[in-house]
Amino acid sequence: MARQAYMTETDEGHQGPRTPASRLRRLLHRLGSLRGDRGIWRRGWVVAACALLLALVMLAHAHIPNAVGNLGSLLETFLPWLGLFVPVLLVLALVRRSATALVATVLPVVVWLNLFGGLLSDKNASGGDLTVATHNVNAENPDPSGTAREVAAAGADVLALEELKASEVPIYRAALSDTYDYHAVVGTVGLWSKYPLSDVRSVDIRLGWQRAMRATVDAPAGPVAVYVAHLPSVRVKLEAGFTARQRDKSADALGEAIAEEPLDNVVLLGDLNGTMNDRSLKAVTSQMRSTQGAVGSGFGFSWPASFPMARIDQILVRGAEPESSWTLPPTASDHLPIAARVRVTDTSE
């Protein structure tokens, strides 16, 4: 009996060992039998319809209205994850033995690759003359000193921190003093730099309290206008959907401030509480480039740190040329820190 457990019946009706070659022959035999299956194109229309709907949603995401619960922005925040439905549809198509469903499943694959395929390759380069980093340290961070030291170890020339609790600002200052000679804190955001800072001021993002700032960094390659921002949080509520009205108003105000910036090299660091796909951030994203999208490797998800699902922490540039972008190791915060290296454009001529 034990021997029979390892035997299988061959195509000739004899018993023999179950080998990979015999399994392959049986699979090919089953696939070959489908050629005469007249229902192969008639089955699986529901699966095919789901595949077409998925492709349509990804292709036309910008046209899904925000009127009801900001549904469009919610979808765009997690848009890359729609690709997970493709393997499910593929399995269902195989189970149904439906050629129609299999062919239809190709369409969402093509659309997803068109949207996000460029993020799958490593585009990091070795150039650049200014390294920047940003981190939402979390106001409830149990180890602010350790978080500061861990981020400083990344070697950034300019470091932005968001969600600074007033009582813990001295802790961050002390922990970063050996690495950075210059710093400025405005409300709940701060900027630490190895190079001199000037023209430091608050940026009004229509909140009623200070969560954005601007400073000129006197970098060796030339002056850089660095903005640090922490846009309002968004919430998903059963009765109201994806509530982001205040975030959207603040994004518009931030976009206006950046549009009026006279310096050619501009860097925005911060927690924007939204992804580059979110149309509600277009006042900012339409005039700046994402370092992760341009020269990063992968999606660079930064939140939540325990299981990153979206990149809501951003490094955006205008004028300055991105060279590389990456996500830093986790700290005690609920966000991951991110960093990028950029080349400052020479504006002397």
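No experiment lies behind these values; they were computed from the predicted model shown.

Caption draft 1: Looking closely at the overall build of the chain. The secondary structure content of the chain amounts to 10 helices and 16 strands. By residue count, 48% of the 349 residues in the chain fall in the buried class. In the chain, 67% of the contacts between residues at least 6 apart in sequence involve partners at least 24 apart. Working note: accessible area of the chain is about 17,500 Å², and carbon and sulfur atoms make up 59% of it.

Caption draft 2: Summary view of the nonpolar core. Grouped together as the largest cluster of nonpolar side chains are 26 residues, with contacts concentrated most on L130, V132, V158, L191, V226 and L269. With four residues, strand β8 (residues 212-219) is the largest single contributor of residues to this core.

Caption draft 3: Expanded view of the sheet that holds strand β4 (residues 158-162). Within the open sheet, the six strands sit side by side as β5-β6-β4-β3-β16-β15. Their pairing is mixed. At either margin of the open sheet sits one strand with a lone partner, and together these are β5 (182-186) and β15 (321-327). For this sheet, the mean angle separating the axes of adjacent strands, direction not counted, is 15°. As paired strands, β15 and strand β16 (residues 338-343) are joined by six bridges and run antiparallel to one another. Each bridged residue has a counterpart across the sheet, and for E321 the counterpart in β16 is R343.

Caption draft 4: A look at the pattern of salt bridges. Within the structure shown, the criterion is met by 10 salt bridges. Between D248 and R247 there is a salt bridge, with its nearest N and O atoms 2.7 Å apart. Across the pair, exposure class does not vary: D248 and R247 are buried alike. R343 is paired through a salt bridge with E323; the nearest N and O atoms lie 3.1 Å apart.

Conventions used here
Each chain carries its own residue numbering, running from 1 in the written order of its sequence. Owing to the predicted nature of the model, reporting of local features is limited to residues with pLDDT of at least 70; listing and counting of side-chain atom pairs is limited to 80 or more, with chain, interface and lining totals taken over all residues. Excluded from the side-chain calculation are hydrogens and water; included are all heavy atoms of the structure. Under the DSSP-based scheme used, a helix requires at least four consecutive residues in state H or I and a strand at least two consecutive residues in state E, with every element numbered from the N terminus. Whether a residue is buried, partly exposed or exposed follows from its accessible area with a 1.4 Å probe, protein chains only, as a fraction of its type maximum: under 20%, in between, or over 50%, in that order. The contact rule is simple, with two residues in contact once any of their heavy atoms fall within 4.5 Å. In short, Shrake-Rupley with a 1.4 Å probe defines the accessible areas, and a residue's cover is counted only from the protein chains shown. Only buried Ala, Val, Leu, Ile, Met, Phe, Trp, Tyr and Cys residues count toward a nonpolar core, and they belong to the same one when joined by side-chain atoms within 4.5 Å. Pairs of strands are assigned from DSSP output, requiring at least two bridges between the strands. Where helices are involved, their axes are fitted lines through C-alpha atoms of the stretch in contact, as for all axes, and angles between N-to-C directions lie from 0 to 180°. Every case where a carboxyl oxygen of Asp or Glu lies within 4 Å of a side-chain nitrogen of Lys or Arg is listed as a salt bridge.

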